[in-house]
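# Chains, contacts and geometry: an overview
The residues making up each chain are set out below.
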Amino acid sequence: MLYTAFIFGLISSFHCIGMCGPIALMLPVDRTNPAKKTTQIITYHLGRLSAYASIGLVFGLVGKGFFLAGIQQKLSLFIGVAMITVILVPERIFANYNFSKSVFKLISKIKSTLGSQFKNKSYKSLFTIGLLNGFLPCGMVYVALFGAIAMQSESLGVLYMILFGLGTVPMMSAVVYLNSFLTISIRNKIQKAIPYIGVIIGVLFILRGLGLGIPYVSPSNTSLFIQTTPNCH
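For the structure given in this document, a descriptive report is provided here. (Residues numbered from 1 in each chain as written. Predicted model: local features only at pLDDT ≥ 70, side-chain atom pairs only at ≥ 80, totals over all residues. Heavy atoms only, no water.)

The next point concerns the overall build of the protein chain. When helices and strands are counted, the protein chain shows ten helices and zero strands. Moving toward the C terminus, one meets the helices and strands of the protein chain in the order α-α-α-α-α-α-α-α-α-α. Here the protein chain holds 233 residues, and 43% of them are scored as buried. Within the protein chain, residue pairs in contact and separated by at least 24 positions form 80% of the contacts whose partners lie at least 6 positions apart. Split by element, the accessible area of the protein chain, about 12,500 Å² in all, is 70% carbon and sulfur. (Helix = DSSP H or I, 4+ residues; strand = E, 2+ residues; numbered from the N terminus. Buried < 20%, exposed > 50% of the residue type's maximum accessible area, 1.4 Å probe, protein only. Contact = heavy atoms within 4.5 Å. Areas by Shrake-Rupley, 256 points an atom, 1.4 Å probe, with all protein chains shown as cover.)

As enumerated under the stated definition, the model contains two aromatic pairs in all. Considering the side-chain rings of Tyr52 and Phe164, the 5.6 Å spacing of their centres and the 70° angle between planes classify their relative orientation as edge-to-face. Linking Tyr52 in helix H3 (residues 34-68) with Phe164 in helix H9 (residues 154-177), this pair joins segments that are 112 residues apart in sequence. Residue Tyr52 shares its accessibility class with Phe164, and that shared class is buried. One aromatic cluster is present, formed by Phe8, Tyr52 and Phe164 through successive ring pairs. (Phe/Tyr/Trp six-rings, centres within 6.5 Å; stacked < 30°, edge-to-face > 60°.)

Under the defined criterion, the tally for this structure stands at one salt bridge. Its salt-bridge partner being Glu154, residue Lys64 comes within 3.5 Å of it at the nearest N-O pair. Placement of Lys64 in helix H3 and of Glu154 in helix H9 is noted, with a sequence separation of 90 residues between them. Glu154 gets classed as partly exposed once you look at its relative accessible area, which sits at 26%. (Salt bridge = Lys/Arg side-chain N within 4 Å of Asp/Glu carboxyl O.)

In this section: the nonpolar core. Ile79, Met83, Met161, Phe164 and Phe205 are the most contacted members of the largest nonpolar core, which totals 29 residues. Looking at this core, the elements that each hand over two or more residues are helix H1 (2-19), H3, helix H4 (72-88), helix H8 (139-150), H9 and helix H10 (184-210). (Core = buried A, V, L, I, M, F, W, Y, C linked by side-chain atoms within 4.5 Å.)

The subject of this paragraph is a nonpolar patch on the surface. On the surface, Val58, Val62, Phe66 and Ile71 cluster together into a nonpolar patch covering about 290 Å² of accessible area. Locating Ile71 in the fold gives a position in the loop between H3 and H4. (Patch = residues over 30% accessible without salt bridge, like charges linked within 9 Å, V, L, I, M, F, W, Y side chains within 5 Å.)

Turning to helix H7 (residues 123-135), a few remarks are in order. Here H7 spans 19 Å end to end across 13 residues, near enough to the 18 Å set by a 1.5 Å rise per residue. Among the residues making up H7, those that are buried are Ser125, Leu126, Thr128, Ile129, Gly130, Leu132, Asn133 and Gly134. (Expected span 1.5 Å × (residues − 1).)

Looking at the element boundaries, Ile201 is found in helix H10. On the basis of relative accessibility, which here comes to 6%, the residue Ile201 falls in the buried class. For the pair formed by Ile201 and Ile84, sequence separation is 117 residues and the distance between their alpha carbons is 8.3 Å. Residues contacting Ile201, with those up to four places away along its chain left out, are Thr4, Phe8 and Met83.

Moving on: the packing of H3 against H9. Running from N to C, H3 and H9 point in directions that differ by 150°, and their axes come no closer than 7 Å. Here H3 is positioned roughly antiparallel relative to H9, judged by the angle of their axes. Between H3 and H9 lies a crossing whose hand is right-handed. Residues belonging to the contact of H3 with H9 are distributed by class as follows: 16 nonpolar, eight polar and four charged. (Axes fitted to C-alpha atoms, helices over the stretch in contact; angles between N-to-C directions. Parallel < 35°, antiparallel > 145°, perpendicular 65-115°, else oblique. Left-handed = near helix turned anticlockwise from the far one by under 90°. Nonpolar A, V, L, I, M, F, W, Y, C, P; charged D, E, K, R; others polar.)

The following block contains the structure:
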């Protein structure tokens, strides 16, 4: 299921253009030195990937707990349904609810710190911008985190989120280099395709939880469980 992370990252990067594109366009990169500009953009992406990896570690540990509890199939079913729900429910509806004042305050602080970093052209600032950018609320990241939980281990949770982040790199980089290469019409058409891809990935997780015995897609029930009796040979 790791491959779904990169595919979803690649597709959802068109959503990122609207949400995080302005941040990418405002990056304090050297516009006169192509080589330096490239390394600066890479530094920014490394910051984003570091944020995704750290979040993936946390949610991967959560998934590992469910895995050790032996409820990974039910978890996969739940995650598939949750993914589809998050994709189909408009993001503005979630934005209407303040689930936690402390989280809201933290997000405000992140945005404030993020704004101050644009005044500095150092690599440290670019990495920090990417890092803070990665922690900003995003519906597509939420969907990817469901996938990280389903990976059933902290290392795979980290890898899942890194692959998701790598999928967003090409488009987010293109925004910096060619900020007008995509017309509004093309972006709108691609935006309409994102929910379908998200639903397909959600269905894959549901199939995985059903244990239908389909290799790589829906492995049998027994193959999803930890071996509890040692091999004595």
